[in-house]
Amino acid sequence: MNAVALPRALARRRPLVPALLIALALGWLAAFLLLPLAAVFVEALRAGVQAYLASIGKPDALAAVRLTLLVAAIAVPLNLVFGVAAAWLMARFEFRGKALLGALIDLPFSVSPVVSGLVYVLLFGAQGWFGPWLVAHGVTVIFAVPGLVLATIFITVPFVARELIPLMQAQGSEEEEAARVLGATGAQMFFRVTLPNIRWALLYGVLLCNARAMGEFGAVSVVSGHIRGLTTTMPLEVEMLYNEYDYVGAFAVASLLALLALLTLAVKTLLEWRYGDALATHAPGGH
Amino acid sequence: MTLEISRLCRRFTGFAALNDVSLSIAPGEFLALLGPSGSGKTTLLRILAGLEQHDSGSVRRDGADFLTLPARERKVGLVFQHYALFRHLTVRENVAFGLRVRPRRTRPSRGEVATRVEQLLKRVQLEGLGDRFPAQLSGGQCQRVALARALAVEPDILLLDEPFGALDAQVRVKLRRWLRALHDELKLTTIFVTHDQEEALELADRIAVMNNGRIEQVGPPQGIYQQPETPFVCEFIGKVNRIALHADGDRLAAAQWQLGADPWRGLHAQPVAYVRPEQLSLAVPSARPAWTARLRHIYLAGSVAHLELYVAALDQTLEADIANEELAALRLQAGDTLRVAPRGAVVFSSADVASSDPGRWVWRAHDARDHAAHALTAPAPVAALHDGRRSVAP
């Protein structure tokens, strides 16, 4: 029997095994994913829909939403450009220090987010390395929006690059070489051949990057200063509301974040369903 | 359009991919670059396409410097082994690509592009498949799309990098012949890289045999096969029996088989003779010197039979090829004892496959007695000696 037939045959004869595995998976997901998610909405609506809407409508909450969107709107496009450039470099060129660059790209994953935030405070804070220069020029980075943006960029650097690098390495450069020999300029080759081949991985990377940019807590918390209405993003606002015993408010804002996560997931699933075949052909191995 | 490659060199860390390669390509000819992996043939092709840099040497097209042009401006068509079709574009869009990326000034109108694409699809026998994606095509169809795409930009030279390597045997043979017919129709200068000598022998006007970054020999297929210039070419092309010789008085010999003379007069210690399987006579009359061989095995391969012969005097197994009908006529069976001798051979002064410029002697047997007085010349690199009388055709 071939490799595919064997598990199926087993499943037919002993339905107990797949049933157990499914039960285990669902149970795990229910306990650690679905239950907390449901709890967020239950707690948010505990005092009724009016209270929920009032919490969301508060100026501080709205300011937090606006700030979160602003930070994401800056960090994600920048990391998109960087991610594509880094992937292009890593997948198509050989150079000294390539392994080092790869390690650096992965650095934000291995460093604790709090440490990442602290590093920015050490660099750009008033007593930091660039502190005196910044103060002299009237530029505030830490405890202001620029600091939030920087910390978020740092945290989300790897997402797009890590999605693209293995894909581009596996796809190889033959299509691009063919385009060049057929007369395409560098830009034509990039937009007509490279980009279309990586578009789904790129989109997935952007979605992940966006989700993380909006939900980041640790690094942003260190650099933010928690100035209500000015430097609080949604995750920070949730924490502050919870510490003030405003449970409905906290869960209301949290529910917005949860809705965002669900929206991201829905978009991704929709794209996979709609463009499933295209996704399959872009994997290496298709003609 | 003549292409003149002159002393081209390309080194990668540690080895020379191309080592002083010079080649002249006539307009409209079908040239095969043939050699084992690592011989430099693909490197040469990629340098011509503009995908690799060279270290020294030059290439001139119609007298003008070719290598300073970027890949886009060379008017070259390139077909890859794994097709390299744009997977997100339809067949039609793939073929039209080269025309669509032209600068505004030289870009044909949409209508013209569409017409040309249709014509090309028809020529490669893929009309009707224009709206399919590469993933929906078979390997042979993909390669034909790749060819149509390369031809769409009306190149001066067509470069093919082992184009049939990824296809199965039957498709390969069909496409091979079709490609040759297409070439005859278009009269486009074509350079074809392959490691399959059968393909090269069948398709090419001329073959350049490459080894270790050098060209061992260039010539028409018959010349390469019948008159190999180096031991490497001899061993690489077709099957061959390699027989060590020694000097026996004033002749070269291997056990009972004697060649009429020794062109190097004992200068070289270990000359070697290469005998093609079809050059072995299997029923040599007792008047003439021959080896005693035992027929170990008969391998039938369609119209040809391969015979495995063990020659005790040489302690060597030789392979002979005879036509299937001849096999039946001679009523040969495994276990038979035969008198075997070569009808012809290519003799080299040195068995060293790696040496260039070995002395060479193309030897033919006679139907009567051995004629010792050959016209001998000094061991020149290409010293082909024939007896004045007509010899038995191999």
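Keep in mind the model is a prediction, meaning the values are calculated, not measured.

## Examining the overall build of chain A
- Of regular secondary structure, chain A possesses 14 helices and zero strands.
- Walking chain A from its N terminus toward its C terminus, one meets helices and strands in the order α-α-α-α-α-α-α-α-α-α-α-α-α-α.
- A principal-axis box enclosing the C-alpha atoms of chain A has dimensions of 60 × 60 × 30 Å.
- The 287 residues of chain A split such that 33% are buried.
- The contacts of chain A with a sequence gap of at least 6 include a subset with a gap of at least 24, amounting to 72%.

## A look at the overall build of chain B
- The helix and strand inventory of chain B stands at nine helices and 22 strands.
- Its C-alpha atoms give chain B principal-axis dimensions of about 80 × 45 × 40 Å.
- Within chain B, the proportion of its 394 residues that are buried is 42%.
- Taking as baseline every contact in chain B between residues at least 6 positions apart, the subset at least 24 positions apart corresponds to 64%.

## Here's the deal with unusual backbone geometry
Residue and element names in this part refer to chain B.
- A positive phi angle, near 55°, is found at Lys-187, a position not held by glycine.
- Following the sequence through the fold, Lys-187 ends up in the loop between helix H5 (169-186) and strand S8 (189-194).
- Its 11 C-beta neighbours within 10 Å are what place Lys-187 among the exposed residues.
- In this structure, Arg-331 is a non-glycine residue whose phi angle is positive, near 50°.
- Tracing the backbone shows Arg-331 in the loop between helix H9 (324-330) and strand S20 (337-342).
- Residue classification places Arg-331 among the exposed positions, given that 7 C-beta atoms sit within 10 Å.

## Describing the pairing of strand S17 (residues 291-301) of chain B
Residues and elements named next belong to chain B.
- The sheet contact formed by S17 and S20 spans four bridges and is antiparallel. By the bridge assignment, Thr-292 is partnered in S20 with Arg-339.
- The pairing of S17 with strand S18 (residues 304-311) spans eight bridges and is antiparallel. Residue pairing across strands places Ala-301 opposite Val-304, the latter belonging to S18.
- Here S17 folds back onto S18, and the loop between the two strands holds two residues, one of which, Gly-302, carries a positive phi near 70°.

## Overview of the domain arrangement of chain A
Residues and elements named next belong to chain A.
- Domain annotation of chain A identifies domain 1 (1-44) and domain 2 (48-282).
- If you average the C-alpha positions of domain 1 and of domain 2, the two centres end up 31 Å apart.
- The interface of domain 1 with domain 2 comprises five residues on the first partner and eight residues on the second.
- Across the side of domain 1 that touches domain 2, the residue classes break down as four nonpolar, no polar and one charged.

## Focus on the interface of chain A and chain B
- Chain A puts 18 residues into the contact, and the matching count from chain B is 25 residues.
- Elements supplying a minimum of two residues to the side of chain A that touches chain B: helix H9 (174-181), helix H10 (186-215) and helix H14 (276-282) of chain A.
- Top element by residues in the side of chain A that touches chain B is H9 of chain A. It accounts for six residues.
- Per-class residue counts for the side of chain A that touches chain B are six nonpolar, eight polar and four charged.

## Topic: the sheet that holds strand S21 (residues 344-348) of chain B
Residues and elements named next belong to chain B.
- The four strands are arranged S11-S15-S21-S22 in an open sheet whose pairing can be described as antiparallel. Every other strand in the sheet has two partners, leaving strand S11 (241-244) and strand S22 (360-364) as the edge strands with one partner each. Taking each pair of neighbouring strands and ignoring which way they run, the sheet shows an average axis angle of 25°.
- When S11 meets strand S15 (residues 272-275), the two strands line up antiparallel, connected through four bridges. Bridge assignment links Arg-242 to a residue of S15, and that residue is Tyr-274.

## Remarks on the packing of helix H3 (residues 49-57) of chain A against helix H13 (residues 247-274) of chain A
Residue and element names in this part refer to chain A.
- One can describe the packing of H3 onto H13 by two numbers: an axis separation of 9 Å at closest approach and a directional angle of 75°. Between H3 and H13, the angle falls in the class roughly perpendicular. Counting all contacts with H3, which are made through Ala-51, Tyr-52, Ser-55 and Ile-56, the residues of H13 involved are Val-248, Gly-249, Ala-252 and Leu-256.

## What to know about the domain arrangement of chain B
All names here are of chain B.
- Here the domain parsing of chain B yields domain 1 (3-226) and domain 2 (231-364).
- Of note, the centres of domain 1 and domain 2, computed from C-alpha atoms alone, are 38 Å apart.
- At the junction of the two partners, domain 1 supplies seven residues and domain 2 supplies five residues.
- Of all the secondary-structure elements, those providing two or more residues to the side of domain 1 that touches domain 2 are strand S9 (206-211), strand S10 (214-219) and helix H7 (221-226).
- Residues of the side of domain 1 that touches domain 2, tallied by class, amount to three nonpolar, three polar and one charged.

## Thoughts on the nonpolar core
- Counting 108 residues, the largest nonpolar core has Ala-146, Leu-159 and Val-340 of chain B as the members making the most contacts within it.
- Top element by residues in this core is helix H4 (residues 139-152) of chain B. It accounts for eight residues.
- Grouped together as the second largest cluster of nonpolar side chains are 55 residues, Leu-148, Leu-150, Ile-155 and Leu-257 of chain A included.

## Regarding the sheet that holds strand S3 (residues 30-34) of chain B
All names here are of chain B.
- Judged by pairing direction, the sheet is mixed, and its six strands sit side by side in the order S6-S7-S8-S3-S9-S10 without closing on themselves. Unpaired on one side and paired on the other, strand S6 (76-79) and S10 mark the two borders of the sheet. Going across the sheet, the axis of each strand differs from the next one's by a mean of 15°, ignoring polarity.
- Here S6 pairs with strand S7 (residues 157-161) via four bridges, running parallel. Residue pairing across strands places Gly-77 opposite Leu-158, the latter belonging to S7.

## Brief notes about the packing of helix H4 (residues 59-92) of chain A against H10 of chain A
All names here are of chain A.
- Between H4 and H10, the least distance of the axes is 9 Å, while the angle of their chain directions is 145°. By crossing handedness, the relation of H4 to H10 is classed as right-handed. Of the residues in H10, those touching H4 at Thr-68, Val-71, Ala-72, Ala-75, Val-76, Asn-79, Leu-80 and Gly-83 are Gly-205, Val-206, Cys-209, Asn-210, Ala-213 and Met-214.
- A class-by-class count of the residues in the contact of H4 with H10 yields nine nonpolar, five polar and no charged.

About the thresholds
Residues numbered from 1 in each chain as written. Chains lettered and ligands numbered in written order. Predicted model: local features only at pLDDT ≥ 70, side-chain atom pairs only at ≥ 80, totals over all residues. Helix = DSSP H or I, 4+ residues; strand = E, 2+ residues; numbered from the N terminus. Buried ≥ 20, exposed ≤ 12 C-beta atoms within 10 Å, placed from the backbone. Contact = placed C-beta atoms within 7 Å. Pairing = 2+ DSSP bridges. Domains from an automatic or database assignment. Nonpolar A, V, L, I, M, F, W, Y, C, P; charged D, E, K, R; others polar. Axes fitted to C-alpha atoms, helices over the stretch in contact; angles between N-to-C directions. Parallel < 35°, antiparallel > 145°, perpendicular 65-115°, else oblique. Core = buried A, V, L, I, M, F, W, Y, C linked by C-beta atoms within 7 Å. Left-handed = near helix turned anticlockwise from the far one by under 90°.

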